[in-house]
Amino acid sequence: MKSKKRNKPAAGAALAGTRPEARERRAPAFQPRWWHYGVGVFLMLFLGFEVYGPALRGPFLFDDVYLPFLAPGVAEQPLRAWIAGVRPVLMASFWLNYQVSGLEPYSYHVVNVLLHILNSLLALLIVRRLLGWTGETGWRRDGLSLFASLLFLLHPLQTESVAYVASRSEVLSVFFFLAAFAVFLYRRHEAISWLEAAAVLALFGAAALSKEHTTVLPALLVLTDLSFRRGPLWRRVAANWRLYVPLLVAAGLAGAAVWRTLSSAPSAGFRVKDFTWYEYLFTQFRAIWGYLRLYVFPLGQNIDHEFRVSRGILDPWAIAGLVGLAAAAAAAWRYRERLPLACYGYFGFLLLLAPTSSFIPIQDVFVERRVYLPFVCLLVVTVDLVRRWRAGRSTLAVALSGVLVIAAAAAWQRNHVWASPLALWDDTTRKAPGNHRAHFQLAFAYYQAGRCTDAVREYARAARLTKPDHRLLVDWALAYDCAGQPEEALARFQEAAAIEQTAHVYSQIGMIHAKQGRDGPALEALDKAEKLDPGFDMTYVYRGHVFLNRGDAARAAEQYRRALAINPRNQLAQQSLAEAAQRLGARR
């Protein structure tokens, strides 16, 4: 009797017929002991804090100063006031930071780095699971998973998301996102249980309440089921109905909330004035290739890229970008059986990037931190390509270690830029000399450092690159005043007042006149400031200075008290009131 030969299944066909969990159990694997995990965690902590060490002592930078806890009076509010607005989970994390160290930036940086390390560990679990589903076992699976985790930790493209306190929304939301994804991947059976579904839903909710772009998680879970399960399309998804039904409802509610926000937000959504939705979309066809280039060759990193907007659908570079993305998608579809992880990773990358790189306009068209969420998909593509190289263990280890050393060195160097505002904006202006916003920020950094002449020079450069607005003129005038050029300062303040009349501007005009001994014009400007906004405390401080210089300490004290009634924390008013009281006491 003839025995029938069984054909060995192809690599792509190996995915068919059995559950990934069953395929993964077929090959014996190295069983680590408890201390292996301890050493691994210690290694991640050491590398994370070593590479990000230069930025840990850095101050709050750029948009950090607009974080709600830095607003006057907000910090002392109870927790319920902190979490009453948007992104309550994110704000709760800031509240905890504030309870520990107040407004000292160090603890905020430490939390960001810790979250990044946790995300790297989650990336290890995710990549290891997916590699196991494709039949990879043993040291290659574990080694490639560790490489992916360390590349997540050490890649210089991650620095903006970690070293920048305002990017806490990225590292925190992605932590919950990756945790939810890991629970989904490591479920005990093909059909998810109610308990596992509840865990995914809870983590998804925490992610969405940290940053809205994570609402794309349901789409990634569906893509995963469609990519790694076999059978009719409906059956691949229906097995996890316990998760997808409530997840669909939650995603719908989250999407509706995001849509309402986008309908009214000035810097994101269809109210953005600088370009249309289709101009933004065509710009993103180029931007996506820019992100991929930075992943492979992280040269020219910048906090504020000088990235050109595509001003029409006939922009040749935008069309080339679209054609390239479409061609890559077609190739991924065609070779999905031969390169299952790479193709899945490519589609996942586009999917996770879609909330910020599609047709919904965002004021900044190219931002490095937007790659933090889809970074895990780029890792999946990378390990699928690397595992095709059938090198020995030593050769592979040396090659991948070399990549990690280069990445770590580049990230460490990049983190030095995040150590101070002067370093950050000097780096930005050198790489984007035509970026007026970068020159403005460098000027402000010079002003804060007391280098007022340098600040005047940079404000002038910013004014040459764009039509000066009210804010630029006011800050430019303050720099002139600091540099000992009062008449130039007065001219800039008057230009600012011609654009927008505010109590701040007129109080500054009054201050300049008073410092030059011109009491009449000074009081006129301060009267104007009071009419524009009686609640602006500095108006009364500067008026008090005028009276105090005249020798009228009683009227000066009255003005300082009015300032303190509005803002009891005004230190200049407190000090000036004490001086006025001392003069009054000396007379008696």
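Residues numbered from 1 in each chain as written. Predicted model: local features only at pLDDT ≥ 70, side-chain atom pairs only at ≥ 80, totals over all residues. Heavy atoms only, no water.

Undergrad: Teacher, can you tell me more about a nonpolar patch on the surface here?
TA: A surface patch of nonpolar side chains, about 930 Å² in accessible area, is lined by Trp-259, Phe-270, Trp-277, Tyr-278, Ile-313, Leu-314, Ile-319, Val-323 and Phe-359. Elements with a minimum of two residues in the nonpolar patch: helix 14 (277-296) and helix 15 (316-334). Structurally, the position occupied by Trp-277 is in helix 14. (Patch = residues over 30% accessible without salt bridge, like charges linked within 9 Å, V, L, I, M, F, W, Y side chains within 5 Å. Areas by Shrake-Rupley, 256 points an atom, 1.4 Å probe, with all protein chains shown as cover. Salt bridge = Lys/Arg side-chain N within 4 Å of Asp/Glu carboxyl O. Helix = DSSP H or I, 4+ residues; strand = E, 2+ residues; numbered from the N terminus.)

Undergrad: Can you walk me through the packing of aromatic side chains in this structure?
TA: Enumeration over the complete set of coordinates arrives at 20 aromatic pairs. When the centroid spacing of 4.4 Å and the interplanar angle of 20° are considered together, the rings of Tyr-291 and Phe-366 count as stacked. With Tyr-291 in helix 14 and Phe-366 in the loop between helix 16 (340-353) and helix 17 (375-386), this pair connects stretches of sequence that are 75 residues apart. The pair formed by Tyr-291 and Phe-366 is uniform in burial state, with each residue classed as buried. Site record: aromatic cluster; members linked through ring pairs are Phe-152, Tyr-295, Tyr-372 and Phe-375. (Phe/Tyr/Trp six-rings, centres within 6.5 Å; stacked < 30°, edge-to-face > 60°. Buried < 20%, exposed > 50% of the residue type's maximum accessible area, 1.4 Å probe, protein only.)

Undergrad: What should I look at first to understand the confidence of the model for the protein in this one?
TA: With 93% of its residues at a pLDDT of 70 or more, the protein shows a mean pLDDT of 89. Confidence over residues 1-27 falls short of pLDDT 50; this stretch has 36 contacts with residues more than four positions distant or in other chains. (pLDDT = per-residue confidence, 0-100. Contact = heavy atoms within 4.5 Å.)

Undergrad: Just checking my understanding: could you explain the packing of helix 21 (residues 452-465) against helix 22 (residues 470-482) for this structure?
TA: The packing of two helices is summarised by the inter-axis angle and the distance between the axes. Contact geometry of helix 21 with helix 22 gives a least axis separation of 8 Å together with a crossing angle of 150°. The orientation of helix 21 relative to helix 22 falls into the category roughly antiparallel. The handedness of the crossing between helix 21 and helix 22 comes out as left-handed. Contacts between helix 21 and helix 22 pair Cys-452, Ala-455, Val-456, Tyr-459, Ala-460, Ala-462 and Ala-463 from the former with Leu-472, Asp-475, Trp-476, Ala-479, Tyr-480 and Cys-482 from the latter. Of the residues belonging to the contact of helix 21 with helix 22, the class tally is twelve nonpolar, no polar and one charged. (Axes fitted to C-alpha atoms, helices over the stretch in contact; angles between N-to-C directions. Parallel < 35°, antiparallel > 145°, perpendicular 65-115°, else oblique. Left-handed = near helix turned anticlockwise from the far one by under 90°. Nonpolar A, V, L, I, M, F, W, Y, C, P; charged D, E, K, R; others polar.)

Undergrad: Please clarify how helix 7 (residues 138-154) should be interpreted in this entry.
TA: Two residues of an α-helix separated by three or four positions point the same way, owing to the 3.6 residues in each turn. End to end, helix 7 covers 24 Å across 17 residues, agreeing with the expected 24 Å (1.5 Å per residue, within 8%). Counting buried positions along helix 7 yields 13 of 17 residues, so the element is predominantly enclosed. (Expected span 1.5 Å × (residues − 1).)

Undergrad: Which parts of the structure should I look at to understand the side chain of Asn-119?
TA: Secondary-structure assignment places Asn-119 in helix 6 (residues 105-133). A relative accessible area of 0% places Asn-119 in the buried class. A polar contact is formed between the side chain of Asn-119 and the backbone nitrogen of Phe-175, at a distance of 3.3 Å. (Polar contact = N/O pair within 3.5 Å; in protein donor to acceptor, adjacent residues only side chain to side chain.)

Undergrad: Which parts of the structure should I look at to understand unusual backbone geometry?
TA: Negative phi is the rule for most residues except glycine; trans is the rule for most peptide bonds. Backbone geometry at Phe-62 places phi at a positive 50°, although glycine is not the residue there. Residue placement: Phe-62 occurs in the loop between helix 3 (53-56) and helix 4 (79-82). Among the residues examined, Phe-62 registers a relative accessible area of 15% and is labelled buried. Phi is positive for Arg-87, which is not a glycine, with a value near 50°.

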